[in-house]
Amino acid sequence: MIAPSAYLLLSAILFGIGVVGVVARKNILIILMSVELMLNGVNVAFVAAGSYLGDAAGGVFAFMVMTVAAAEAAVGLALLIALYRLKETVDITELKVLKW
Amino acid sequence: MVNGILDYLWLVPALPLLGVVLNGAIALLVERPFLLKEAGLPLAGGHGAGHGSHDDAHGASSHGSAHGHHETPAYRKLVAFIAPGVVGAAFVVALLCVLSLASRPADGRTFVQILFPWIQAGSLLVPAALQLDPLSSVMALVVTGVGFLIHVYSVGYMSHERAFARYFVFLNLFMFAMLILVLANNYLLMFVGWEGVGLCSYLLIGFWYEKQSASDAGKKAFVANRIGDFGVLLAMFLVFWTFGSLTYTEVFAKVPLLRESGVLTTGLATVITLLLFLGATGKSAQIPLYVWLPDAMEGPTPVSALIHAATMVTAGVYMVARSSALFLLAPDTMMVVAVIGAVTAIFSATIGICQTDIKRVLAYSTVSQLGYMFLACGVGAFTAAIFHLMTHAFFKALLFLGSGSVIHALSGEQDMQKMGGLKKYVPVTFATMFVATLAIAGIPGLSGFFSKDEILWQAFSSSHGSPFLWGIAALAAGITAFYMFRLVFLTFFGKSRMDPEVEKHAHESPWTMTVPLMILAVLSVAGGWIGIPAVLGGSNLFEHWLAPVFHPVAAAGAAHGAEAAVHHPAALEIGLMALSVAIALCGIGLAYFLYRVRTGKPAEIAKQWPTLYDVVYHKYYIDEFYEWAVIRRIVTISIGLWEMFDALFIDGIVNGAADLVRAAGDRVRRLQGGVVGGYAFSLLAGAVLLVGYILYRSVVQ
């Protein structure tokens, strides 16, 4: 049996990669994908904890996160397309109208 | 206990208040739109704009005929009925109340009607209550009686005035405030009336507010009065602090007790009374605050008669007499009151000699006569002061109304140098004014003689008096006789110096004006007969009537009582009387010589002593001195405070706070750079810090 700490380590690595992607990348598409990665990192932790504790709630939470993530991806991609049609760019550093 | 008519005492001030409400509604809802329309001004809002040009022609035509026989709008007739009507009704009620009071025994002549509890805060209990006693009944009768006559007179005098209803609103409001002043049973309610009459005085002096001098005079009166009012306020605080009450009866009842227990020291009484007297100098135009009264002549003449001669300016005398129990405890204050009264009497009398404006002569005469009343108060002769107050109300109101009739006849001319020979044009006015002049000069048999001589005698014989005060007052009486006859000779006798155009229109006034003159003339003659002193075989009813108010006071100061009992021989009293009459006759004779026989002489004298004439003509440069010594200083200090304190300090705090916020905002706004990555990093940093903190806490525990 694989130790729970290994699952948590995997979860942390996935989440960390996602965070770096969100903070560092300029392409919105990549940022959205990174967000998915962070969510899935968390999913791993949920499922592992649920399995370790013998509690179904962990799995339930994971499914709920996936549902929300799917919705988020749909809305996010729609916004992205609308934005691209308007600005002809997906570079987030170009989109800084919302400031003082 | 059944009080009969006295239970309706509240009607006395309430009736003029009803007049204020009714006339006020007319003034606001009928007259104001009417006048605005006439002037071609739009009503409030945009509706009138379209009518403007259409009504212009209408307005111009009615202006053209304003002096002739333009049709009287119906509302003016209503106002002319309501305004004197309510005051006349108040007079009738007051008269019935006083008669009912007089039917009681002498020691039971204090009737208090509590209307409602007004202020209840801690130990301060002030009811809204009216008090009718011999003193306030005299005041109430003078105020409503003379007030009614002047209201009737005003209907005629103001007949050419556009803002007819507004005038009578103010006049009714004045009657209400004055009646509250004299009928109040405590200092605070009196102060409400005191301020109310000040307000009405301001409104009526500045009645023709489009004239710069009129609105300035209103302001001057208001400010001068305010200086006095602060004295009254402080005095009220001290009275409450000392006596724990502001109600007259309670305060005066506690005087002997607190005197014995040492709480009410002579020093405290002196401070209270001096502060009260400061208020009196403001309201009653005494040195040093008299300067507003001559300027107050900018108001309509009936206003000068009612407010600035007969009633409001006597409020100070009334208050001093009302507080006589306190004043008698403070000999220093009494001396101050007597000296200020005597000095004011002679000082303003000398100014009156050189004035050429008919109303200003009368104004200085009023200041001078008020000085007499304070002299009487100062020597402890409060009865004489109130007696003179009453007779003065009659003859001075008559003089003012007469001068108003002259001014009316001459289409607004007030300069006596442009009058003369008016006797044949305005015979009724001349006859009545001549009676009043004889009365004020102190010719035996007329009202002024009895009251003035009472004061002179008291100034000489009372324990507070002295021959010196008598001398000043007698000399002032001579000067009074001189300048009053100068006024009469210049106005009614000799050759006409009128503008021919004006002379053509000179006419006797309508009956609404002459009838009040005639009634006042009768009162000026007979008003003094209720106070004929015992030495002339009279019974001095007036003194007996007021005795319950002032007599317990005299009993309290037993030491003074013994002194006052020193009997002066009747021959001395008669002799002094004859002497003062002789002085008055000298004044009249001098006036006759200078203004009838040798008419060129006054100008010669003026040329002979140019400096003296100049100083007196310019009223001793008192206004200029105040301007330099007080007003200029206050303006300098105010500008200094404005620049140093207000602009630098206060504004500095406010602007500093704004600068601080802006500088901070300038720094903080850079956080919102618009770069999404930056926001995401902030989120991350926040999350890391939060999680780190939670972990740290759990590890520590």
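Criteria and cut-off values
- Residues numbered from 1 in each chain as written.
- Chains lettered and ligands numbered in written order.
- Predicted model: local features only at pLDDT ≥ 70, side-chain atom pairs only at ≥ 80, totals over all residues.
- Helix = DSSP H or I, 4+ residues; strand = E, 2+ residues; numbered from the N terminus.
- Buried ≥ 20, exposed ≤ 12 C-beta atoms within 10 Å, placed from the backbone.
- Contact = placed C-beta atoms within 7 Å.
- Nonpolar A, V, L, I, M, F, W, Y, C, P; charged D, E, K, R; others polar.
- Pairing = 2+ DSSP bridges.
- Core = buried A, V, L, I, M, F, W, Y, C linked by C-beta atoms within 7 Å.
- Axes fitted to C-alpha atoms, helices over the stretch in contact; angles between N-to-C directions.
- Parallel < 35°, antiparallel > 145°, perpendicular 65-115°, else oblique.
- Left-handed = near helix turned anticlockwise from the far one by under 90°.
- Expected span 1.5 Å × (residues − 1).
- Bend = angle between axes of the 7 residues up to and from the residue.

Enquirer: I would appreciate a short explanation of the overall build of chain B in the present structure.
Expert: Within chain B one finds 28 helices and two strands. Its C-alpha atoms give chain B principal-axis dimensions of about 115 × 75 × 65 Å. Taken over 701 residues, chain B has a buried fraction of 47%. Sequence separation of 24 or more characterises 80% of the internal contacts of chain B that already satisfy a separation of 6 or more.

Enquirer: Would you explain the interface of chain B and chain A in this entry?
Expert: Size of an interface, as often reported, equals the accessible area lost when the parts are brought together. On the chain A side, the residues contacting the 10 residues of chain B number 10 residues. Residues of the side of chain B that touches chain A, tallied by class, amount to five nonpolar, four polar and one charged.

Enquirer: In this structure, what is going on with the pairing of strand β1 (residues 111–121) of chain B? I would like to understand it.
Expert: On a regular strand, one side chain projects to one face of the sheet and the next to the other, so that they alternate. Residues and elements named next belong to chain B. Here nine bridges tie β1 to strand β2 (residues 124–132), and the two strands are oriented antiparallel to one another. Bridge assignment links Ile119 to a residue of β2, and that residue is Val126. In textbook terms, the turn of a hairpin is the stretch between consecutive antiparallel strands, and for β1 and β2 this stretch comprises two residues, one of which, Gly122, has a positive phi near 60 degrees.

Enquirer: Explain the nonpolar core to me, please; I cannot follow it from the model alone.
Expert: Soluble globular proteins tend to pack their nonpolar side chains together in the buried interior. Residues and elements named next belong to chain B. By size, the foremost hydrophobic cluster in this structure holds 220 residues, and its most contacted members are Leu375, Ala385, Ala397, Leu398 and Ala473. Ranked by the residues each element gives to this core, the list is headed by helix α5 (residues 164–183), at 18 residues. Every residue in contact with Ala473, bar those within four places of it in the chain, is listed here: Ala342, Ala345, Tyr372, Leu375, Ile455, Leu456 and Ala459.

Enquirer: Would you mind going over the packing of helix α4 (residues 134–157) of chain B against helix α11 (residues 301–310) of chain B with me for this structure?
Expert: All names here are of chain B. As a packed pair, α4 and α11 sit with axes 9 Å apart at the nearest point and diverge in direction by 165 degrees. One element, α4, and the other, α11, form an angle in the roughly antiparallel class. As α4 runs across α11, the sense of the crossing is left-handed. Contacts between α4 and α11 involve Val146, Gly147, Ile150, Tyr153, Ser154 and Tyr157 on the former and, on the latter, Thr301, Pro302, Ala305, Leu306 and Ala310. Grouping the amino acids of the contact of α4 with α11 by side-chain chemistry returns eight nonpolar, three polar and no charged.

Enquirer: It is not clear to me how the environment of Met416(B) should be interpreted in this structure. Could you clarify?
Expert: Topologically, Met416(B) is positioned in the loop between α16 (382–409) and α17 (427–441). Apart from residues lying up to four places away in sequence, Met416(B) is in contact with Thr356(B), Ile358(B), Leu487(B), Leu490(B) and Thr491(B).

Enquirer: Is there a simple way to explain helix α8 (residues 248–261) of chain B in this structure?
Expert: Helical geometry note: an α-helix holds 3.6 residues per turn, so side chains three or four residues apart project in the same direction. Residue and element names in this part refer to chain B. For α8, which comprises 14 residues, the first-to-last C-alpha distance of 20 Å matches the rise-based estimate of 20 Å (1.5 Å per residue) to within 8%. Along α8, the largest kink reaches about 40 degrees and is centred on Val255; proline Pro256 follows within four residues of it. Turning to α8, its buried residues are Tyr248, Val251 and Val255. Once α8 ends, the next one or two residues include Gly262, with phi positive near 85 degrees.

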